[in-house]
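Working through the structure, step by step
For reference, the chains in residue letters:
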Amino acid sequence: MTNSTIIKPILKLAIPLILIQLCQASLGIVDAMVAGQYNYKDLAAVGLGSAIWTPVFLFFTGVLYVFVPKFAALNNTVDTNNADANNIYHGNTHIAAQKLFLHAKNVAFWLSIIGFVIIELLAFSVTWFIQDDEVSLITRNYLMFVGLGMPGIIHMLMYRITGEGNSTLKPIVLVSLLLVIMNACLNVIFIHGFLGFPEMGGMGCGLATAVSGYIACMFLKKQITQQLPWVASAGHSVSGNNVSVDKQDSKRLLIEGLPIGFSFLLEVMALTVLAFLISTYSIRHIAAHQIVLNITLIAFMIPVAIANATTIRIAYFNGIADASNAAKVAIFTLLVTVVYATIMAALLVVYDDKIVGYFTNDDGVKEIATILMTYGAAFQFFSAMQMLISGVLRGFEDFVKPLLVILINYWLFIVPVVILSIKFNWIMRLRVEDIWLLMVVGLAVSSFVLAIVCRRKFKHIQLGS
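A short note on the overall build of the chain
Along the chain, the regular secondary structure elements total 16 helices and zero strands. Scored against the burial criterion, the 465 residues of the chain give a buried share of 53%. Excluding contacts between residues fewer than 6 apart, the proportion of contacts in the chain whose partners are at least 24 apart in sequence is 83%. Working note: accessible area of the chain is about 20500 Å², and carbon and sulfur atoms make up 66% of it.

Structure, rendered in structure tokens:
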């Protein structure tokens, strides 16, 4: 297992991707921490509101992700270790890159409108699902602000996708860090009413999300256009002639990205449904569940970045029919993920009370959350295993099996059992701890099944070679 072939390329990809993923996950953590310190009802409302709009955002992320491999395909012959990212496109390739960017802008514009409408409709429908009137009102106002920020958030995502597709990760890392800091400061200002602003409580988190999204979009646009000057001149070729795109082609690309979007959406929707089922319990149970879920999800972001880097490297070796190095990549990243997930699980169990204390001052919420942290530790471990193995399979362009395993796990096992228990008192009414135990068992089984699929995939490739 050579350093130059296996380890160094993985780290070069994974480290900036880890920073980006952590920053993205930190946004929800910051919202929960600031809202939780203000009032546990505001924490519950922000948690539920986030559970509503995050699946929509992830769906749009999946749709726009279709542009990443297409940008990469245009510069895949360039040695990015030696080439200047500003000058990797020339002639017809330059024009093709500009056209692809214009298609991305069209799709982002359409998704911005759709996103605004969907989030605003969801904001006015929360009263149907949330029983507590005060929590329902805070959630509605929070979502209304987030809806207003969707155009900025979606266009920021479009510039991020453009940067990732062109291996220009530094601007994304810098703006992601800026976004976290800016969102945290605005949360404190709007929630508590500092600097002359009215005291908004939990709905101030929504306004902070919207404002920081627009500002981050402007910063990222500037950074990407500096690194990739052809982005700034999109619409004009090298010779100065106008470059235009057919909107029907843009629609075709949007449709092409839908399967990726739906795969993201259906997985996270299961967690959203479970969050609303848990909302039938006490407000403190809702708050505790959201705290532990946010903690486990941010711990999960590092395995996501490692899995993405694994997919890229295995796809590279698969393309040159090098099954031996592909196996080495899988083994190395699996070992790294196991070590990381084990250490993280231990930290979550040992320091559960201290970690929960950063999110709430309410003793009742703390007591419930510390109990759930043990389940959360196991949940993040098996989530990491499942994500890494799925990343290996995606490297071999096997997208269907991971999706089927995830859908069966959540939608044919966990969610139906919880619904039957809570809504129809089937066998027994599950406690919140029992729901977390179901999720852990489901993920453990999914990881085991995917590991078998992955092993058979390598055997098949080795026999074929």
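Some thoughts on the packing of helix α10 (residues 247–278) against helix α15 (residues 400–424)
What describes two packed helices is the angle between their axes and the distance between those same axes. Contact geometry of α10 with α15 gives a least axis separation of 10 Å together with a crossing angle of 15 degrees. In this view, α10 runs roughly parallel relative to α15, as classed from their interaxial angle. Judged by the twist between their axes, the crossing of α10 over α15 is left-handed. The segment α10 lies against α15, with Ser263, Leu266, Glu267, Met269, Ala270, Leu271, Val273, Leu274 and Leu277 engaging Leu403, Ile406, Leu407, Tyr410, Trp411, Ile414, Val415, Val418, Ile419, Ile422 and Lys423.

Some details on the pattern of salt bridges
Taken as a whole and judged by the stated rule, the model has two salt bridges. Of the charged contacts in the structure, one is a salt bridge between lysine 41 and glutamate 134, with a shortest N-O distance of 3.4 Å. In this pair, lysine 41 sits in helix α2 (residues 40–64) while glutamate 134 sits in helix α5 (residues 133–148), placing the two residues 93 residues apart along the sequence. Of the residues examined, glutamate 134 reaches a relative accessible area of 44% and is grouped as partly exposed. For aspartate 362, the salt bridge identified is with arginine 284, shortest N-O distance 2.7 Å. One end of the pair, aspartate 362, is in the loop between α13 (352–357) and α14 (363–395); the other, arginine 284, is in helix α11 (residues 283–319), and 78 residues separate them in sequence. Residue class for arginine 284 comes out partly exposed when judged on its relative accessible area of 32%.

Observations regarding the packing of α2 against α10
As a packed pair, α2 and α10 sit with axes 6 Å apart at the nearest point and diverge in direction by 160 degrees. Judged by the angle between their axes, α2 and α10 are roughly antiparallel. With respect to the hand of their crossing, α2 and α10 are arranged in right-handed fashion.

Examining the packing of aromatic side chains
Each aromatic ring pair is specified by the distance between its two centres and by the angle formed by the two planes. Enumeration over the complete set of coordinates arrives at six aromatic pairs. When the centroid spacing of 5.4 Å and the interplanar angle of 75 degrees are considered together, the rings of phenylalanine 379 and tryptophan 436 count as edge-to-face. One end of the pair, phenylalanine 379, is in helix α14; the other, tryptophan 436, is in helix α16 (residues 432–464), with 57 residues separating them in the sequence. Of the two residues, phenylalanine 379 and tryptophan 436, both sit in the buried class.

So, α10
The terminal C-alpha atoms of α10 lie 43 Å apart, and with 32 residues this matches the ideal 46 Å at 1.5 Å per residue to within 8%. A maximum bend of about 35 degrees is found in α10 at leucine 258, where proline proline 259 lies one to four positions downstream. For α10, the side-chain oxygen to backbone nitrogen distance between the N-cap and glutamine 248 is 2.9 Å, and the N-cap itself is aspartate 246.

Let's talk about the side chain of histidine 103
For histidine 103, the position within the fold is in helix α4 (residues 91–125). Among the residues examined, histidine 103 registers a relative accessible area of 9% and is labelled buried. A polar atom in the side chain of histidine 103 sits 2.6 Å from the side chain of serine 250. When neighbours within four sequence positions are excluded, histidine 103 is seen to be in contact with Phe67, Val245, Asp246, Asp249, Ser250 and Leu253.

Observations regarding the nonpolar core
With 73 residues, the main nonpolar core has Trp53, Leu64, Phe67, Leu111, Leu143 and Met150 as its most contacted residues. A per-element tally of this core places α2 first, with 12 residues. Each residue touching leucine 143, except ones within four places of it in the same chain, is listed here: Gly49, Ile52, Trp53, Ile119, Glu120, Leu122, Ala123 and Val126. Counting 70 residues, the second-largest nonpolar core is a separate cluster that includes Leu17, Ile278, Val415 and Leu438.

Topic: the side chain of glutamine 386
For glutamine 386, the position within the fold is in helix α14. Residue glutamine 386 is classed as buried on the basis of its relative accessible area, which comes to 4%. With near-sequence residues (within four places) excluded, glutamine 386 lies in contact with Glu267, Ile406, Leu443, Ser446, Ser447 and Leu450.

Regarding unusual backbone geometry
Even without a glycine there, the phi angle at leucine 195 is positive, about 55 degrees. Checked against the element boundaries, leucine 195 lands in the loop between α7 (170–192) and α8 (203–227). A residue is classified by how much of its surface remains accessible, and leucine 195, at 70% relative accessible area, is exposed.

Cut-offs applied
- Residues numbered from 1 in each chain as written.
- Predicted model: local features only at pLDDT ≥ 70, side-chain atom pairs only at ≥ 80, totals over all residues.
- Heavy atoms only, no water.
- Helix = DSSP H or I, 4+ residues; strand = E, 2+ residues; numbered from the N terminus.
- Buried < 20%, exposed > 50% of the residue type's maximum accessible area, 1.4 Å probe, protein only.
- Contact = heavy atoms within 4.5 Å.
- Areas by Shrake-Rupley, 256 points an atom, 1.4 Å probe, with all protein chains shown as cover.
- Axes fitted to C-alpha atoms, helices over the stretch in contact; angles between N-to-C directions.
- Parallel < 35°, antiparallel > 145°, perpendicular 65-115°, else oblique.
- Left-handed = near helix turned anticlockwise from the far one by under 90°.
- Salt bridge = Lys/Arg side-chain N within 4 Å of Asp/Glu carboxyl O.
- Phe/Tyr/Trp six-rings, centres within 6.5 Å; stacked < 30°, edge-to-face > 60°.
- Expected span 1.5 Å × (residues − 1).
- Bend = angle between axes of the 7 residues up to and from the residue.
- Polar contact = N/O pair within 3.5 Å; in protein donor to acceptor, adjacent residues only side chain to side chain.
- Core = buried A, V, L, I, M, F, W, Y, C linked by side-chain atoms within 4.5 Å.

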